[in-house]
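Descriptive structure summary
Okay, here's what each chain looks like letter by letter:
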Amino acid sequence: MLWVLFLLVAWGAAAVSCVRLCLAAARLAPPPGTSSQDAPRAADGPELTLYETAFLAGGPHRVADLALVTMHLRRRLLLAHTGWATVVDPDGRDEVERTVIRAIGPQGQSPIPPVRSAAAAADAVRALADRLVSAGLALPGGAGTDIVSAVRAVRGAAMLVTAMGTAALLTPGREQGPGGSGVPVLVWFGLPLVLTLGCLAIARMEVQPYSAWASPAGLRLLNARTASVGGPEGDVLMAVAVRGVGAVADPALRAALGGRGGAARIP
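Overview of the structure. Everything numeric in this text was worked out from a predicted model, so none of it was measured.

**So, the pairing of strand 2 (residues 84-87)**
In summary, the side chains of a regular strand alternate between the two faces of the sheet. Bridge count between strand 1 (residues 77-79) and strand 2: three bridges; the pairing is antiparallel. Note on strand 2: the bridge partner recorded for Leu79 is Ala85. Between strand 1 and strand 2, which pair antiparallel one after the other, the connecting turn spans four residues, and Gly83 there sits at a positive phi close to 95°. For strand 2 and strand 3 (residues 109-111), the ladder comprises three bridges, and the chain directions are antiparallel.

**Quick word on the side chain of Arg62**
Following the sequence through the fold, Arg62 ends up in helix 4 (residues 60-73). Asp65 is the oppositely charged side chain nearest to the buried, salt-bridge-free Arg62, at an N-O distance of 5.3 Å. At 3.1 Å, the side chain of Arg62 forms a polar contact with the backbone oxygen of Ala241.

**Here we look at the state of the cysteines**
In this structure the tally under the stated criterion is zero disulfides. Not part of a disulfide, Cys22 finds its nearest cysteine sulfur in Cys199, a span of 5.2 Å. Not part of a disulfide, Cys199 finds its nearest cysteine sulfur in Cys18, a span of 3.2 Å.

**Some thoughts on the packing of helix 3 (residues 50-58) against helix 4**
Between helix 3 and helix 4, whose axes approach to 7 Å, the crossing angle comes to 140°. For the element pair helix 3 / helix 4, the angle class is oblique. Considering how the two elements wind past one another, helix 3 and helix 4 form a crossing that is right-handed. The segment helix 3 lies against helix 4, with Leu50, Tyr51, Ala54, Phe55, Ala57 and Gly58 engaging Pro60, Arg62, Val63, Leu66 and Ala67. In terms of residue class, the contact of helix 3 with helix 4 is built from nine nonpolar, one polar and one charged.

**As for the pattern of salt bridges**
Scanning the entire structure with this criterion turns up six salt bridges. Across the pair Asp65 and Arg116 runs a salt bridge, and its minimum N-O distance is 2.6 Å. With Asp65 in helix 4 and Arg116 in helix 6 (residues 112-120), the pair connects residues that are 51 residues apart, well separated along the chain. For the residue pair Asp65 and Arg116, the accessibility class agrees, reading buried in each case.

**Details of the side chain of Thr86**
Looking at the element boundaries, Thr86 is found in strand 2. In contact with Thr86, other than residues within four places in its own chain, are Leu77, Leu78, Gly108 and Gln109.

**A look at the packing of helix 5 (residues 95-104) against helix 6**
Where helix 5 meets helix 6, the axes come as close as 9 Å, and the angle between the chain directions of the two elements is 135°. Regarding the angle of helix 5 to helix 6, the classification is oblique. As for the relative orientation of helix 5 and helix 6, their crossing is right-handed in sense. Only Val115, Ala118 and Ala119 of helix 6 make contact with helix 5, whose side of the interface consists of Thr99, Val100, Ala103 and Ile104. A per-class count over the contact of helix 5 with helix 6 returns six nonpolar, one polar and no charged.

**Concerning a nonpolar patch on the surface**
On the surface, a nonpolar cluster with roughly 360 Å² of combined accessible area is contributed by Trp11, Trp188, Leu191 and Leu195. Ranked by residues supplied to the nonpolar patch, first place goes to helix 9 (residues 183-206) with three residues. Along the polypeptide, Trp188 turns up in helix 9. Under the relative-accessibility criterion, Trp188 is labelled partly exposed at 44%.

**Here's the deal with the nonpolar core**
Of all hydrophobic cores here, the largest spans 43 residues; its most connected members are Phe55, Leu56, Val63, Leu68, Leu79 and Val100. No other element matches helix 4, which puts seven residues into this core. Setting aside residues no more than four positions away along its own chain, Val100 makes contact with Ala67, Leu68, Met71, Leu77, Val115 and Ala119.

Cut-offs and rules
Residues numbered from 1 in each chain as written. Predicted model: local features only at pLDDT ≥ 70, side-chain atom pairs only at ≥ 80, totals over all residues. Heavy atoms only, no water. Pairing = 2+ DSSP bridges. Helix = DSSP H or I, 4+ residues; strand = E, 2+ residues; numbered from the N terminus. Buried < 20%, exposed > 50% of the residue type's maximum accessible area, 1.4 Å probe, protein only. Lys, Arg positive; Asp, Glu negative; His and termini not counted. Salt bridge = Lys/Arg side-chain N within 4 Å of Asp/Glu carboxyl O. Polar contact = N/O pair within 3.5 Å; in protein donor to acceptor, adjacent residues only side chain to side chain. Disulfide = S-S within 2.5 Å. Axes fitted to C-alpha atoms, helices over the stretch in contact; angles between N-to-C directions. Parallel < 35°, antiparallel > 145°, perpendicular 65-115°, else oblique. Left-handed = near helix turned anticlockwise from the far one by under 90°. Contact = heavy atoms within 4.5 Å. Nonpolar A, V, L, I, M, F, W, Y, C, P; charged D, E, K, R; others polar. Patch = residues over 30% accessible without salt bridge, like charges linked within 9 Å, V, L, I, M, F, W, Y side chains within 5 Å. Areas by Shrake-Rupley, 256 points an atom, 1.4 Å probe, with all protein chains shown as cover. Core = buried A, V, L, I, M, F, W, Y, C linked by side-chain atoms within 4.5 Å.

So, in C-alpha cells, the structure goes:
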C-alpha cells in the first residue's frame, strides 16, 4: 500500500498547483461591467514612450536600466565597468533621471545596484505604472508574474505525478489488477496527470497573451513599437527598453549594468 502515499502526494501537488493557476488567472480577469472592447480601445492612443515601452517589456527595473543607459550615452552620467555610477551633469531631464541623481547621493558617486533599486521603486516609476494600468496597457503589480509562476508550478506537478506513478509501479507489494497488470495504479495516477495537462493546455490558449507586465492591449502596442527612434543612439535605447541590458553592444557598459565590481574602489 505504499503506492497510496505516492498517489496522495501526486493528487496534492496537482490540486494545489491547478487551484493556484486558476486563482492567478481570475485576478487578471477584467472587472465586472467592463466591455470586451474596452481594452483594445486603450491601445488606440499615442505611440508608447521609451519609458512606457521599457515598463511593459520588463517592469520597473527595466525603466531604471533605460534611464541609466540614456544618461550614460548623453554624457550626464558615467557608468564605469567596475560597477560605479558618477554624476557628470546634476540636472536631470525628467523625473526618473532626477530620481537616479538623488539615489546616487550628494557625493556624486555610488555603486550601481542600489541606484537601480532606488530608481525602480521611485514615485515617478510608480506613477508611470499607474498610468499604464489605468489605460489598460499594464497588469496591476506585475500580476503576470503570478501566472508565469503558477504555470511553472503546474508543469512541475505534472512531472511529479509522472515520477510518483513510476515509483508506485516499481514498489513491491502494490495493488495490481487481474493478472498482475497494475492497471488500477496507472488509472489512479492518470487522473491527476490529466488534470495538470488539461490546465496547462487551457493556460496556453487563454493566458498566453499575458506577459509579466503588459496586458494583451499593451502587448499589441509593444509589438507594434518600431526599433527606429531617431538614429543609432535611439536604436540602442529601444533595444534596452525591449530586451534589457543584454542588448548593449559595449562590453564595459554591460559589465557596469551587470552589477559586477560593486564592492570595488571608487574609480
